[in-house]
Amino acid sequence: MSRVYQPSDHVVEKSRLSSFDKYKEMHKKSLEDPETFWSEIANEFHWQTPYQPGNFLSYNFDVNKGDIFVKWLEGSVTNICFNLLDRNVRNGHGEKIAYYWEGNHPDDYSRITYRKLMDLVCQFANALRDSGVGKGDRVSIYMPMILETVVCMLACARIGAVHSIVFAGFSSDSLAERLSDCKAKVLVTADGAWRGEKLLILKNVCDEALEKAKTKYNHSVDLCIVVAHLNRVTACGKLPDDVKTLYKWHDRDIWWHDLVEGQSNICPPEWMDAEDPLFMLYTSGSTGKPKGVLHTTAGYLLYATATFRYVFDYQEKDIYWCTADVGWITGHTYVVYAPLANAATSVMFEGTPFFPDNDRYWSLVDKYNVTQFYTAPTAIRALTKFGDDYVKRHNMKSLRVLGSVGEPINPEAWLWYYNLVGSGRCSIVDTFWQTETGGHVLTSLPGATPMKPGAAGFPFFGVEPTLLDENGKVIEGPGEGYLVFSRPWPGIMRTLFGDHERYQKVYFSKFPGYYCTGDGARRDEDGFLWVTGRIDDMLNVSGHLMSTSEVESVLTEEPRVSEAAVVSKPHPIKGESLYCFVSLNDGAKFDASLVDALKKLVRSRIGAFAAPDVIQYAPGLPKTRSGKIMRRILRKVALGDTDIGDTSTLADPAVVDDLFKNRPK
Ligand code: WTA
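Read on for a plain summary of the structure. (Residues numbered from 1 in each chain as written. Predicted model: local features only at pLDDT ≥ 70, side-chain atom pairs only at ≥ 80, totals over all residues. Heavy atoms only, no water.)

1. Structural notes on helix 18 (residues 548–555)
At step 1: Here helix 18 lies mainly inside the structure; six of its eight residues are buried.
At step 2: Here helix 18 has its buried residues at Thr 548, Glu 550, Val 551, Glu 552, Val 554 and Leu 555.
At step 3: Summarising the contacts, the buried residues of helix 18 are in contact with strand 28 (538–541), strand 29 (544–547), strand 30 (561–571), strand 31 (575–584), helix 19 (592–605) and helix 20 (631–639). (Buried < 20%, exposed > 50% of the residue type's maximum accessible area, 1.4 Å probe, protein only. Helix = DSSP H or I, 4+ residues; strand = E, 2+ residues; numbered from the N terminus. Contact = heavy atoms within 4.5 Å.)

The following block contains the structure:
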């Protein structure tokens, strides 16, 4: 049985929830009377029209009873941007720092107050409005971790436009698909950015994507707004004398600074209904096309606010830092919306943990006296391998809460984080959630809940997790099964953009009456929940979720490949890695050049983070008689584990021997 860690005095003394009993009591209340619980938070915000009692929550989670829907605070009217900026300025936080921005190079840093942020957002919002962008229009964003990215998101929220951020590590193919799927009116990007010593010319990826959107999907974007970033930061490698030679300029392109010039810093917000869309964000689906997860206004605001406040136990003078890229949901909720809703001061970091040296994170914790540090297990594992000295060089006594997100954290990494980074006196919050959930749904709470290394812990307020067996039977007490939720919390997604059918099918059809996460979980004797990983055909590489079929379809684009099967193989740093099997067409030869070509293809179609670790030749694939690939067996081959269990359903058992023989040395 794993050891239980109680929150230290260092944490408990300050925390707003200082015992497990208090947590349990509040959790119970949040389920029994959601209206009282959430309206307390709602009352902190500005409502142009407040909600009408009786309309607090309505939903249907049961596909057999009709369409799935979730509505919180229906009838109320507000604007998130107004609440994050104007309201905070009015409450006396105008001169408070909203962000300390730290660039890729340590010489590049700046800061921005709430008032200044409001001014910039209003100017850019006016510029967008003048460019014809209005309520409901989609604005795609392909940006590095710079303040303009936040400005752009909030400007969209101010005028009711729906932002659709595409992580700036996606390839032009992926960007093109996402631009056209949401029918983006505008694309916002930067000329480029440094990541460590690597120069990324984002503008070129955008140009390619815009071209492909037109030719492949027949969707044209008439305006591309470009932040001139490269010339204002320290070069970390070679640059031409004139950076403008790095990319081409088109009629549709305009510099951000030219567009905002002369714009007023006063911009009346667009008043939005509670259930009007706020943003969409694509996430991988287990079949082909990415899913445009859609979040709406009021519920998301309440949920982001509450989770941030309790999970990070943020207090007035704290300095909070989430290292996630704004291109992922963690960046949306916990770099932008939640901290600003709480009038928090955050660090926003453009660079990597390894540049200029492997202690960049720790030096920044000391530079800004960070109190809450939120990162991913893959980063922690990557940093452990450089040894303890990099950490020990730094004081880091300001830290109180350490967060982890994106994948299960292995106990070894947890202990390193706890003992070394947190000096054994910080609480670790292992936050389980998804793009779809909008905010944390399972987690520990600093000061309140005990911790076990590797366990996500307990449900957040308003969340009721259930474990089901294969037949949909509820597992009470200790056990392992499908992790589902039996009722909506305010932050849950409302639909998939343009495809409500798919939303119902993917998340609600397997177990009618429940939202199905696609993850498995175990409840132990003490009631701790342990997320055991995906149970569908998805894998999680360095916290990036992708589907095996997405990669398989790219591999089979190569004319020499007849069939491909991809499985996940455990990886010491990335958590999981891609192990690919390919069968070839007659006459094709399996050699290093094919492997190279396939790896390149995946990088260009999806992005560098999806590059396979291993590509193995498979003369045949293990299939059932009905032709379904038996991935369970392929996972064993990937591991080199010959104990493959029951093979009675295999159409041709001989292929398995061949696969073991063909494992790359
Ligand atoms: C996984 C990221 C275990 C899980 C916020 C989920 C986790 C998927 C954890 C969502 C955690 C995320 N413990 N697994 N603390 N956090 N996951 O949409 O498989 O990028 O379904 O959202 O990541 O990934 P997504």
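2. Section: the pairing of strand 23 (residues 465–468)
At step 1: Of the two faces of strand 23, both are covered, the one formed by Pro 465 and Leu 467 as well as the one formed by Thr 466 and Leu 468.
At step 2: Relative to strand 24 (residues 479–485), strand 23 runs antiparallel, the two sharing four bridges. Each residue of the ladder has a partner; that of Pro 465, found in strand 24, is Phe 485. (Pairing = 2+ DSSP bridges.)

3. Here we look at unusual backbone geometry
At step 1: In this structure, Pro 356 follows Phe 355 across a cis peptide bond, with omega equal to -5°.
At step 2: Along the chain, Pro 356 falls in the loop between strand 17 (345–349) and helix 13 (360–368).
At step 3: Phi at Leu 73 takes a positive value of approximately 55°, unusual for a residue other than glycine.
At step 4: Take Leu 73: it is sitting in the loop between strand 2 (69–72) and strand 3 (77–78).
At step 5: Even without a glycine there, the phi angle at Ser 542 is positive, about 50°.
At step 6: Considering the arrangement of structural elements, one finds Ser 542 in the loop between strand 28 and strand 29.

4. Some thoughts on the pattern of salt bridges
When the charged atoms of two side chains lie near each other, side chains of opposite charge can form a pair.
At step 1: Enumeration over the complete set of coordinates arrives at 41 salt bridges.
At step 2: Across the salt bridge formed by Lys 661 and Asp 658, the nearest N and O atoms sit 3.7 Å from each other. In this pair, Lys 661 and Asp 658 both sit in helix 21 (residues 654–661), three residues apart, roughly one turn of the helix.
At step 3: Take Lys 661: its relative accessible area is 62%, and that puts it in the exposed class.
At step 4: Each of the salt bridges in this network shares a partner with another, and the network as a whole consists of Asp 173, Glu 208, Lys 212, Glu 557 and Arg 605. (Salt bridge = Lys/Arg side-chain N within 4 Å of Asp/Glu carboxyl O.)

5. Examining the sheet that holds strand 27 (residues 529–534)
At step 1: With antiparallel pairing, four strands are arranged side by side in an open sheet as 23-24-26-27. Of all strands in the sheet, those bounded by a partner on one side alone are strand 23 and strand 27. This sheet shows a mean twist of 45° between the axes of neighbouring strands, independent of strand direction.
At step 2: Pairing analysis gives five bridges linking strand 26 (residues 515–523) to strand 27, with the strands arranged antiparallel. Note on strand 27: the bridge partner recorded for Ala 521 is Val 531. (Axes fitted to C-alpha atoms, helices over the stretch in contact; angles between N-to-C directions.)

6. A closer look at helix 3 (residues 34–42)
At step 1: Every buried residue of helix 3 is accounted for by Pro 34, Phe 37, Trp 38, Ser 39, Ile 41 and Ala 42.
At step 2: Against helix 2 (20–32), strand 2 and helix 11 (298–311) lie the buried residues of helix 3.

7. Quick word on the site of the ligand
At step 1: The ligand sits among 17 residues. The nearest are Asp 430, Thr 431, Thr 435, Asp 519 and Arg 534.
At step 2: Between the ligand and the protein, one listed contact pairs a nitrogen atom with a backbone N or O atom of Phe 432 at 3.5 Å.
At step 3: Looking at the shell around the ligand, the elements with two or more residues in it are helix 12 (329–341), strand 20 (427–431) and strand 27.
At step 4: Its residues placed into classes, the shell around the ligand shows seven nonpolar, six polar and four charged. (Near = heavy atom within 4 Å. Polar contact = N/O pair within 3.5 Å; in protein donor to acceptor, adjacent residues only side chain to side chain. Nonpolar A, V, L, I, M, F, W, Y, C, P; charged D, E, K, R; others polar.)

8. What about the packing of helix 5 (residues 86–93) against helix 6 (residues 114–130)?
At step 1: Taken N-terminus to C-terminus, the directions of helix 5 and helix 6 make an angle of 155°; their axes are 9 Å apart at the nearest point. With respect to helix 6, the axis of helix 5 lies roughly antiparallel. Taken as a pair, helix 5 and helix 6 cross one another with a handedness that is left-handed. The segment helix 5 lies against helix 6, with Asp 86, Asn 88, Val 89 and His 93 engaging Tyr 114, Arg 115 and Met 118. (Parallel < 35°, antiparallel > 145°, perpendicular 65-115°, else oblique. Left-handed = near helix turned anticlockwise from the far one by under 90°.)

9. Some details on the nonpolar core
At step 1: Counting 181 residues, the largest nonpolar core has Tyr 99, Leu 154 and Tyr 337 as its most contacted members.
At step 2: The residues touching Leu 154, leaving out its near neighbours within four places in the chain, are Cys 81, Leu 84, Leu 85, Leu 117, Val 121, Val 336, Tyr 337 and Leu 340.
At step 3: With 32 residues, the next largest nonpolar core counts Tyr 5, Tyr 100, Val 421 and Cys 426 among its residues. (Core = buried A, V, L, I, M, F, W, Y, C linked by side-chain atoms within 4.5 Å.)

10. As for the packing of aromatic side chains
At step 1: Within this structure, the stated rule accounts for 61 aromatic pairs.
At step 2: Ring geometry for Trp 321 versus Phe 373: centroids 5.1 Å apart, planes at 65°, classification edge-to-face. In this pair, Trp 321 is assigned in strand 16 (residues 319–322) and Phe 373 in strand 18 (residues 372–375), connecting sequence segments 52 residues apart.
At step 3: Relative accessible area serves as the criterion here: at 0%, Trp 321 is assigned to the buried category.
At step 4: Owing to a relative accessible area of 1%, Phe 373 belongs among the buried residues under this scheme.
At step 5: Ring geometry for Tyr 507 and Tyr 515: centres 5.5 Å apart, planes at 15°, overall stacked.
At step 6: The class of Tyr 507 is buried, set by a relative accessible area of 2%.
At step 7: The ring of Tyr 109 has Lys 367 lying over it, and the distance from NZ or CZ to the ring centre is 3.8 Å. (Phe/Tyr/Trp six-rings, centres within 6.5 Å; stacked < 30°, edge-to-face > 60°. Lys NZ or Arg CZ within 6 Å of the ring centre and 35° of its normal.)

11. Thoughts on the side chain of Glu 558
At step 1: Mapping Glu 558 onto the fold places it in the loop between helix 18 and strand 30.
At step 2: Residue classification places Glu 558 among the buried residues on the basis of a relative accessible area of 11%.
At step 3: Here the side chain of Glu 558 touches Arg 560 through a polar contact of 2.7 Å, side chain to side chain.
At step 4: Contacts of Glu 558, omitting those with residues within four sequence positions, involve Leu 594, Ala 597, Leu 598 and Leu 601.

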